[in-house]
Amino acid sequence: MKPLDPENFNQELEKKVKKVIKEYGLIDEGDKVAVALSGGKDSVLTLHVLDKIQRESDFDFELLAIAIDEGIEGYREDGLESARNNAHQLGVDYHEVSLKKEFGITLDQSVSYYQTACVPCGVFRRYLLNKTAHDLGVDKLATGHNLDDEIQSFLMSFARADVRRFAKFGPRQQRIHPKMVPRIKPLWCIPEKEVGMWAVLNEMDVHLAECPYAYQSLRSRLKNYLNHLEEDRPGTKMKILEFFQKNLKINKKEIKLSECEICGEPSAASICKACEMQEFVKNQLEWNNELK
Ligand code: SF4
Ligand SMILES: [Zn+2]
């Protein structure tokens, strides 16, 4: 078998990303785009490919990066290091926000009160990403979701009968509240395997370790299951995505958000999930004398 030529591989990958950006109108001329940067291969690729498009095309937009430190000891620090290095290497404006500083608690302190760590992690991270992006005047928040992530999320929502989440599928979200920064997914059509190959072929500085809480998640189990299925029946993942593209047309305008009575951020309920969880965790920690 002929060895892969990194240059050709990169060009093909970039072509696919550009196609999604164009077809779905992910970025408009003059947009301020922030990449949600974890230091993992997906978000690092998103940063590099957007930076290349920004520098090489006459399509004008601003690029910056936002990283969240959830407070996962022995894991997150290495990811943040990669995030900082990549942003620095490209000269991209980098912003780091920590759960400890913003909420007074870390994810490590919160996990024992939930079935899986991913529940508070997802709520706190989404909240801080959106709030930081909005405070910085960002127009679009680019996440590193690849084709595999999208299919996993899709099946997770099925498994939980969570119809509201279906509105979050697709490479571009609409603005459903003035303070809600729309998310875009430039890697929407890129399989995870190709993202991994990009990182290896280009010897990228990416954080490859798995989160110590990942084993608890439904996503991780679905990921293994889908990988087995794909091995047995190649093309299964793409078929699931096609099914979704053809059949799922949720009216995104039906989702109405108001503002949280405590923090003023967009929320479906009178108190947002992040405020509700913070209060719950702090009460538990106080009760157990563990609030430092
Ligand atoms: S695996 Fe779960 S806990 Fe770990 S970073 Fe991802 S969402 Fe957070
Ligand atoms: Zn709130």
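Note: the structure precedes this text.
The model shown is predicted, which means the values in this text are computed figures rather than measured ones. (Residues numbered from 1 in each chain as written. Chains lettered and ligands numbered in written order. Predicted model: local features only at pLDDT ≥ 70, side-chain atom pairs only at ≥ 80, totals over all residues.)

A. Molecular detail of the pairing of strand β3 (residues 93–98). Two strands pair when backbone bridges link them, and strand β2 (residues 62–69) and β3 are joined in this way by 6 bridges, in the parallel orientation. In the sheet register, A67 faces β3, and the bridge partner there is E96. Read as a crossover between parallel neighbours, the route from β2 over helix α3 (residues 76–90) to β3 is right-handed. (Pairing = 2+ DSSP bridges. Helix = DSSP H or I, 4+ residues; strand = E, 2+ residues; numbered from the N terminus. Right-handed = clockwise from strand over helix to strand, strands pointing away.)

B. Inspection of the packing of helix α2 (residues 41–56) against helix α8 (residues 192–201) at higher detail. In the contact formed by α2 and α8, the axes pass within 10 Å of each other and the chain directions differ by 70°. In this view, α2 runs roughly perpendicular relative to α8, as classed from their interaxial angle. For the pair α2 and α8, the contacting residues are K41, D42 and L45 in the first and V195, G196, W198 and A199 in the second. For the contact of α2 with α8, a count of residues per class yields 4 nonpolar, 1 polar and 2 charged. (Axes fitted to C-alpha atoms, helices over the stretch in contact; angles between N-to-C directions. Parallel < 35°, antiparallel > 145°, perpendicular 65-115°, else oblique. Contact = placed C-beta atoms within 7 Å. Nonpolar A, V, L, I, M, F, W, Y, C, P; charged D, E, K, R; others polar.)

C. Region of interest: the pairing of β2. Of all 8 residues making up β2, 6 are buried, and the element is well covered by its neighbours. Sheet topology places strand β1 (residues 32–36) next to β2; 5 bridges connect them, and they run parallel. Bridge pairing in β2 places A34 opposite L64. Remark: the β1/α2/β2 crossover connection has right-handed handedness. (Buried ≥ 20, exposed ≤ 12 C-beta atoms within 10 Å, placed from the backbone.)

D. Layout of the site of ligand 1. The full set of residues close to ligand 1 is A117, C118, C121, G122, C211, Y213, A214 and S217. Residue composition of the shell around ligand 1, by class: 6 nonpolar, 2 polar and no charged. (Near = placed C-beta within 6 Å.)

E. Spotlight on the sheet that holds strand β4 (residues 140–142). Taken in spatial order, the 5 strands of this open sheet run β3-β2-β1-β4-β5, and their pairing is parallel. Of all the strands in the sheet, the pair left with one neighbour each is β3 and β5 (183–184). The sheet contact formed by β4 and β5 spans 2 bridges and is parallel. Each residue of the ladder has a partner; that of A142, found in β5, is I184. Strands in contact with α3 are β2 and β3; relative to β2, the strand with the most contacts, it is inclined by about 165°.

No statement about biological role is implied by the geometric values presented.
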